[in-house]
Amino acid sequence: MNPEKDFAPLTPNIVRALNDKLYEKRKVAALEIEKLVREFVAQNNTVQIKHVIQTLSQEFALSQHPHSRKGGLIGLAACSIALGKDSGLYLKELIEPVLTCFNDADSRLRYYACEALYNIVKVARGAVLPHFNVLFDGLSKLAADPDPNVKSGSELLDRLLKDIVTESNKFDLVGFIPLLRERIYSNNQYARQFIISWILVLESVPDINLLDYLPEILDGLFQILGDNGKEIRKMCEVVLGEFLKEIKKNPSSVKFAEMANILVIHCQTTDPLIPLPDDLIQLTAMCWMREFIQLAGRVMLPYSSGILTAVLPCLAYDDRKKSIKEVANVCNQSLMKLVTPEDDEPDELKPAVQRQSEPNPKDSVAKQAGAASGGPDGSCDSSFSSGISVFTPVSTDRAPVTLNLDGIVQVLNCHLSDMTIGMMTRIAVLKWLYHLYIKTPRKMFRHTDSLFPILLQTLSDESDEVVLKDLEVLAEIASSPAGQTDEPGPADGPDLRVSHSELQVPTPSRGSLLNTASTKGLECSPSTPTMNSYFYKFMINLLQRFSSERKLLEVRGPFIIRQLCLLLNAENIFHSMADILLREEDLKFASTMVHTLNTILLTSTELFQLRNQLKDLKTLESQNLFCCLYRSWCHNPVTTVSLCFLTQNYRHAYDLIQKFGDLEVTVDFLTEVDKLVQLIECPIFTYLRLQLLDVKNNPYLIKALYGLLMLLPQSSAFQLLSHRLQCVPNPELLQTEDSLKAAPKSQKGDSANIDYTELLQHFEKVQNQHLEVRHQRSGRGDHLDRRVVL
């Protein structure tokens, strides 16, 4: 500094003392400056006051010499003290050079800057509020200062400033929020602690409504919640807890829609095994989501797809994340309850302004403010993020919100398609689909073709509970009145349907099984009034899946069919499957499938009513069903006989057994005869065994059983049936023609409407087809001849 330079009105002694390296001398100079400025104040000499402040600022506080800067700082503080209440007129000139020294490399000088600013603020009090942003910005930097003395000084200044803000009612919150939003993304733990402490203070001031600006800082708060410091996390939990209490008290003033996407982002995690602090973030965000759904109601519907993307994976968490799982389950259930039949209203019937409020599936989440400073980019980060976005509505204030079904179905489809997803998540997805088909059937059927393949694939799931829920969805699709169309309409969004070839319904070419005089109303029909157009498509695709995945048929086939018989009409299921199998080109599969259906029919408790219906072929419906089943059952000779036993067509059963002599008797064939003998001894055929007592009226039953006995080799089944037949009274009556003539003209179970000659011819035709196929395989060398020489 040039000693000959004129610093008037500062005397040379003051200038010399301000530049001294000793603090005591600088303090003496400060007292002289205070005295000098007081005189100027008394004289109302503003020009000299400004000149003193400018000199201290430019020549000292901003000097290149460190001791001069220290002198300038203490001199500015002395000016502020001397000015008293008038210091507010010169605050900009007083504060700016001090704040500049906050960035000084010398820690001692930064400390003196804190001390000087503390004195300036202490004198000015509320007058500093117009300069609050620059003060806050400077303090936020000192909060992370490595020097403990500087940090201690900044804390004193911070407490003073908080007291001033708390006392005042002139705090400019609107002007402060942009700075707070920027600083909240700091990664320094001390800066984060500083930010959290200020949010707590502002939240506690009655005249400051920070809740209105919560969307601006909520994402940053969740970022801080993930801090490694336990104390900071605790402070952040307290802040979020206070905000949540305020939201519960005043839900009508909360901007739920603006914060929905923020919660969706923080509700997600890429790894369910991630420990704290990410665990805390997810749990807190999920708790907030639960409250939002319950408080805001249908306002959250436009964000359903994003919410489901976050919530559904949490349902599969184990006990290590039990709390998150429980809260996620509440969120899921609450969101599901928001979907009502009103959401099935056609779009064209909605008010135009309401349609405008729906989210656009092509719009992704707007990036959160502060992304460049470490905040999230708004993307929905999960294993299902590909092709899925968290939708942002155009507006949620202008009109009632509506359900974005396209986005929801897309999320559900993606989760169900991922075989790595846990069982509980898959069950929840299926519950959602079932709920949507119940509440919004017309709109859901636009998506049925895209959902159908994955629903069929889910039948192979390892969990019985998943398969049960899957069957419930498929049964609802097959029986809903909304599906009674030839072709479902196109979806609102992109065309998600699979090719029609997979769901194509073949046009059956049916031959009459009944007498021409009685055929009206008895033809085999693939559908009934209680089923819609998807029912037959479902049966076709189910059989196709059984055909392509034989293990599924073997392990789950009976279970699936039995459950469908409970969920749908058993007669319709057997009627349609028999009708489809009649045109099956893979004869081996047809035989296997018929055997499976027959076993279910004869043994399952779910089919009790259907068995009773077939026992007495007295109605046209039961005769029609028998004829339909018979033609397909012909793929398996033994099952055909068992069907005749069930329907008490004993004479026709005897005729069929007579034809067995022309068939190729294999080990598999004899095994099925063995199983039939075992079935005859079961409770299902109790009526048949009792009819053996009435030899006169049931001669063909006894002859049919003897026919089976003659087919069997000397085995346990042979002994079992032989012992049974030995119990028949007066067996010699079976050996005379007179006894046959004495038999009633019409046996129990015979129907005058059924052409049994036609049925027998059909049986021979089918068996010839099977024989040709076996010979062709034998000629290619890929058939193992398992014929048995008797």
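Definitions and cut-offs
Every chain is numbered independently, its residues counted from 1 as its sequence is written. Under the rules for a predicted model, residues below a pLDDT of 70 receive no local features and side-chain atom pairs below 80 are neither given nor counted, while totals for whole chains, interfaces and linings still include all residues. Water and hydrogen atoms play no part in the side-chain values, which are based on all heavy atoms of the structure. Numbering goes from the N terminus for both helices and strands, where a helix is a DSSP run of H or I of at least four residues and a strand is a run of E of at least two. Contacts between residues were defined by any pair of non-hydrogen atoms, one from each residue, lying within 4.5 Å. Comment: axis = line fitted to C-alpha atoms, over the contacting stretch for helices; angle = value between 0 and 180 degrees taken between N-to-C directions. Here the angle decides the label: under 35 degrees means roughly parallel, over 145 means roughly antiparallel, 65 to 115 means roughly perpendicular, and every other value means oblique. Crossings are sorted by hand: turned counterclockwise from the far helix by less than a right angle, the near helix makes the crossing left-handed, and turned clockwise it makes it right-handed. Between the first and last residue of a helix there are one fewer steps than residues, each counted as 1.5 Å, and that sum is the expected span. Bend at a residue means the angle formed by two fitted axes: the first through the 7 residues ending at that position, the second through the 7 residues beginning there. Partly exposed describes any residue whose relative accessible area lies between the buried limit of under 20% and the exposed limit of over 50%, with all areas from a 1.4 Å probe on protein chains only and scaled to the type maximum. By definition, a salt bridge exists where a carboxyl oxygen of Asp or Glu is found within 4 Å of a side-chain nitrogen of Lys or Arg. Take the buried Ala, Val, Leu, Ile, Met, Phe, Trp, Tyr and Cys residues and link them wherever side-chain atoms come within 4.5 Å; each set so joined is a nonpolar core. As used in this structure description, the phrase polar contact means that two N or O atoms lie within 3.5 Å; if the pair is within protein, one of them must be able to donate a hydrogen and the other to accept it, and residues adjacent in sequence are counted only when both atoms belong to side chains. For every residue, the predictor assigns a confidence score, pLDDT, that lies between 0 and 100. Ten residue types, Ala, Val, Leu, Ile, Met, Phe, Trp, Tyr, Cys and Pro, are classed as nonpolar, four, Asp, Glu, Lys and Arg, as charged, and the remainder, Gly among them, as polar. Only Phe, Tyr and Trp rings are paired, with Trp represented by its six-membered ring, and only when their centres lie within 6.5 Å; those with planes under 30 degrees apart are stacked, over 60 edge-to-face, the remainder tilted. Defined by distance alone, a disulfide is two cysteine sulfur atoms within 2.5 Å.

Bringing the side chain of Thr448 into the picture now. Here Thr448 lies in helix H21 (residues 448-458). Residues in contact with Thr448, not counting those within four places in the same chain, are Tyr437, Ile477 and Tyr534.

Across the interface, helix H26 (residues 587-603) lies against helix H29 (residues 637-646) with an axial gap of 10 Å and an inter-helix angle of 25°. Classed by the angle they form, the pair H26 and H29 counts as roughly parallel. Crossing hand, H26 versus H29: left-handed. Note on element contacts: H29 touches H26 through Thr639, Ser642, Leu643 and Leu646, opposite Val594, His595, Asn598, Leu601 and Leu602.

Let's shift gears to helix H24 (residues 550-567). The end-to-end C-alpha distance of H24, which contains 18 residues, comes to 24 Å, matching closely the 26 Å that a straight helix rising 1.5 Å per residue would cover. Of all the bends in H24, the greatest, near 65°, is centred on Arg556, and the proline Pro558 appears no more than four residues after it. Looking only at H24, the buried set comprises Leu552, Leu553, Arg556, Gly557, Phe559, Ile560, Ile561, Gln563, Leu564 and Cys565.

Under the counting rule described, the total for this entry stands at 27 salt bridges. The partner of Arg298 in a salt bridge is Asp343, and the shortest N-O contact between them spans 2.6 Å. Residue Arg298 is located in the loop between helix H14 (278-296) and helix H15 (304-311), and its partner Asp343 is located in the loop between helix H16 (322-337) and helix H17 (352-356); the two are separated by 45 residues in the primary sequence. When its relative accessible area of 5% is taken as the criterion, Asp343 is described as buried. Here Arg320 makes a salt bridge to Asp318, at a shortest N to O gap of 2.4 Å. For Arg320, a relative accessible area of 60% corresponds to the exposed category. Here the salt bridges do not stand alone but share partners, grouping Asp137, Lys141, Glu182 and Arg183 into one network.

Attention now goes to unusual backbone geometry. The peptide bond linking Ala8 to Pro9 adopts the cis configuration, its omega dihedral lying at 10°. Within the secondary structure layout, Pro9 lies in the segment before helix H1 (12-18). Look at Asn44: it is not a glycine, yet its phi comes out positive at around 55°. If you trace the backbone, Asn44 turns up in the loop between helix H2 (23-42) and helix H3 (46-61).

Grouped together as the largest cluster of nonpolar side chains are 250 residues, with contacts concentrated most on Leu221, Trp288, Phe574 and Phe645. Element by element, the count of residues in this core is highest for H14, at 10 residues. Setting aside its immediate chain neighbours within four residues, Trp288 contacts Leu214, Leu218, Phe222, Leu240, Phe243, Leu244, Ile247 and Leu263.

A word on the environment of Asn636. Positionally, Asn636 belongs in the loop between helix H28 (620-633) and H29. Sequence spacing of Asn636 and Glu672 is 36 residues, and the spatial spacing of their C-alpha atoms is 9.4 Å. The contact partners of Asn636, leaving out residues within four places of it in the chain, are Ser591, Val594, His595, Glu672 and Gln767. Looking at Asn636, its side chain comes within polar contact range of the side chain of Glu672, at 3.0 Å.

Next up on the list: the side chain of Lys162. Within the secondary structure, Lys162 is located in helix H8 (residues 148-167). Look at Lys162 and you get buried, because its relative accessible area is 13%. Not counting the four nearest positions on each side in its chain, Lys162 is found in contact with Ser197, Trp198 and Val201.

Take the confidence of the model for the protein chain next. Mean pLDDT over the protein chain: 83, with 81% of residues reaching 70 or higher. Mean pLDDT across the elements of the protein chain bottoms out in H17 (42) and peaks in helix H19 (residues 423-439) (96). Here residues 352-398 scores under 50 on pLDDT; set against residues more than four positions off or in separate chains, the count is 106 contacts.

Attention now moves to the packing of helix H7 (residues 132-142) against helix H10 (residues 189-204). The relative placement of two packed helices is expressed as an angle between their axes plus a distance between the axes. Look at H7 against H10: their axes get within 10 Å of each other, and the N-to-C directions meet at 145°. On the side of H7, the interface is formed by Phe132, Phe136, Leu139 and Ser140, while H10 contributes Ala191, Phe194, Ile195 and Trp198. Class assignment for the residues of the contact of H7 with H10 results in 7 nonpolar, 1 polar and no charged.

Once that is clear, we can look at the packing of aromatic side chains. How two aromatic rings sit relative to each other is set out by the distance from centre to centre and by the angle between their planes. For the structure on display, the rule yields 23 aromatic pairs. Ring centres of Tyr23 and Tyr112 lie 6.0 Å apart, and the angle between their planes is 5°; this geometry places the pair in the stacked category. One end of the pair, Tyr23, is in helix H2; the other, Tyr112, is in helix H6 (residues 107-124), with 89 residues separating them in the sequence. With a relative accessible area of 30%, Tyr23 lands in the partly exposed category.

Taking 1.5 Å per residue, 16 residues should reach 22 Å; helix H22 (residues 464-479) reaches 22 Å between its end C-alpha atoms and fits that length. Those residues of H22 lying buried are Val466, Val467, Asp470, Leu471, Val473, Leu474, Ala475, Glu476, Ile477 and Ala478. At its buried positions, H22 is contacted by H19, H21, helix H23 (533-548) and H24. The N-cap residue of H22 is Ser463: its side-chain oxygen and the backbone nitrogen of Glu465 are 3.2 Å apart.

Mapping Leu711 onto the fold places it in helix H33 (residues 699-711). Take Leu711: its relative accessible area is 14%, and that puts it in the buried class. In this structure, the C-alpha to C-alpha distance between Leu711 and Val665, residues 46 residues apart in sequence, is 9.0 Å.

By the definition in use, this model includes 0 disulfides. The thiol sulfur of Cys331 is not disulfide-bonded, and the nearest other cysteine sulfur, from Cys267, lies at 6.5 Å. For Cys331, a relative accessible area of 1% corresponds to the buried category. Considering cysteine sulfurs only, Cys634 is the nearest to Cys644, which forms no disulfide, with 8.4 Å between them.

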